Amino acid sequence: ITAALSGGRAGSLLDAVDRTATAGGARLLERRLASPSRDLGQIRARLGSVEILLDQTRLREDLREALRRVPDMDRALSRLALDRGGPRDLAAIRNGLSQAALIADLVAGVEPGLLAEAARGLVGNEDLISLLDQSLVDEPPLLLRDGGFIAGGFDDELDETRRLRDEGRGVIAGMQADFIAQTGIQSLKIKHNNVLGYFIETTSTHAERMLAPPLNEQFIHRQTTANQVRFTTVDLSALETRILNAGNHALELEKRHFATLRSAVLAAAGPIGVAAAGLAELDVAAGFADLATAEDWVQPRVDASHAFAVEGGRHPVVERALRRQGGAPFVANDCALTEESTPAIWLLTAPNMAGKSTFL
């Protein structure tokens, strides 16, 4: 049913009928084939959802197109819960919930049933979507240690730290211009070496002015050479420390934000799970409707009796294998099993007998 004799999926019933567009929908389909429902009401409800999407071609096509853009929220949520997730898992939750809200609008107005019930679970996560949308970049890196996943404008301290990390020379140049304006010494420079770090340097001709009040209250003498005098200030020393530590500090700030966002996602694990389940339900129904249309399959009549009757039945796996090999087409067969017959399990499909196709 879910695997061929060779052990792979190719050649199995699952492979023959899977038209799902999402990872969650594929898993749900596999679970249902491996463990089908015996609840008559549930079976009829599933058939009804397929029939709706079969009749509404435009809705089915728009829904399948929208589902193709849904990431695997279940897996992302699992990784985050196990503390093995990264920035892309947060983005998957954001993108999945955002797409779920759009899909809810698509299926709004469908008649009551499984589709409407699934659609109700796709909304209600606006606050979390807004938080993730404001805090994350569009395409975050895979690993947390890579950094760069928190969007600019979300945290002023992080923005300033990144500016120091990425534009340290520009920040130093700005401070140098401020010092020139304060002292009136056009030759004043801010330089750097491995011994002193960042320092302010003037020629010895300006030493007297720099060492006298009021400039000596701000500019702290550090070194005198044959032709230059070197100073520092409290602000320059602080800036030097921030520049040197900016890379590590920026990453630490991002890690803190990641922990906060992860906690927010895990706090909403229930609603996220409901949304993921709703998307999977819609995907399976839309996939079966697409399959019924393409293969001209008809909806079975299901009741509580043990009778099983098929007219013009086609085996989906065998028919697909014959088509792939380019040989003779599958010859449809009738089948009738009653309570007196030997118990058996058959999986057959019937051709369109009334101008309308659906699938169980």
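What comes next concerns the included structure. (Residues numbered from 1 in each chain as written. Predicted model: local features only at pLDDT ≥ 70, side-chain atom pairs only at ≥ 80, totals over all residues. Heavy atoms only, no water.)

1. Concerning the packing of helix α8 (residues 126–135) against helix α12 (residues 234–267)
Relative orientation of the contacting elements α8 and α12 amounts to 160°, with a least axis distance of 11 Å. Judged by the inter-axis angle, α8 sits roughly antiparallel to α12. For the pair α8 and α12, the crossing hand works out as left-handed. Contacts from Leu 128, Leu 131, Leu 132 and Ser 135 in α8 reach Leu 261, Ala 264 and Val 265 in α12. Considered class by class, the residues forming the contact of α8 with α12 number 6 nonpolar, 1 polar and no charged. (Axes fitted to C-alpha atoms, helices over the stretch in contact; angles between N-to-C directions. Helix = DSSP H or I, 4+ residues; strand = E, 2+ residues; numbered from the N terminus. Parallel < 35°, antiparallel > 145°, perpendicular 65-115°, else oblique. Left-handed = near helix turned anticlockwise from the far one by under 90°. Contact = heavy atoms within 4.5 Å. Nonpolar A, V, L, I, M, F, W, Y, C, P; charged D, E, K, R; others polar.)

2. Notes on the pairing of strand β4 (residues 228–232)
Of all the 5 residues making up β4, 4 are buried; the element is thus mostly covered by neighbouring parts of the structure. With antiparallel pairing between neighbouring strands as the criterion, strand β3 (residues 220–224) and β4 make up a hairpin whose turn holds 3 residues. (Buried < 20%, exposed > 50% of the residue type's maximum accessible area, 1.4 Å probe, protein only. Pairing = 2+ DSSP bridges.)

3. Quick word on empty space enclosed by the protein
For the coordinates displayed, the defined rule picks out 2 cavities of 30 Å³ or more. Each pocket or cavity is described by its volume, and for the largest cavity that value is around 100 Å³. Every residue along the wall of the largest cavity is listed here: Thr 22, Ala 23, Gly 24, Gly 25, Val 70, Pro 71, Asp 72, Met 73, Asp 74, Ala 276, Leu 279 and Ala 280. Mapped by element, the contributors of at least two residues to the lining of the largest cavity are α2 (23–34), α5 (73–81) and α13 (269–295). Of the residues in the lining of the largest cavity, the class split is 7 nonpolar, 3 polar and 2 charged. For the lining of the second largest cavity, the secondary-structure elements that each account for two or more residues are α1 (13–17) and α14 (316–325). (1 Å grid on protein atoms, 1.4 Å probe; cavity = no way out; pocket = protein on both sides within 12 Å on 5 of 7 lines; lining within 4 Å. Points joined across faces, edges and corners; volume = space filled by probe spheres on them.)

4. Some words on the packing of aromatic side chains
Summed over the entire model, instances satisfying the criterion amount to 2 aromatic pairs. Taking the centre distance of 6.2 Å and the plane angle of 80° together, the rings of Phe 149 and Phe 258 count as edge-to-face. Taken together, the positions of Phe 149 in the loop between α8 and α9 (156–166) and Phe 258 in helix α12 put the pair 109 residues apart, joining distant regions of the chain. On the accessibility criterion, Phe 258 (5% relative accessible area) is buried. Arranged with centres 5.3 Å apart and planes meeting at 70°, the rings of Phe 179 and Phe 219 form a pair that is edge-to-face. (Phe/Tyr/Trp six-rings, centres within 6.5 Å; stacked < 30°, edge-to-face > 60°.)

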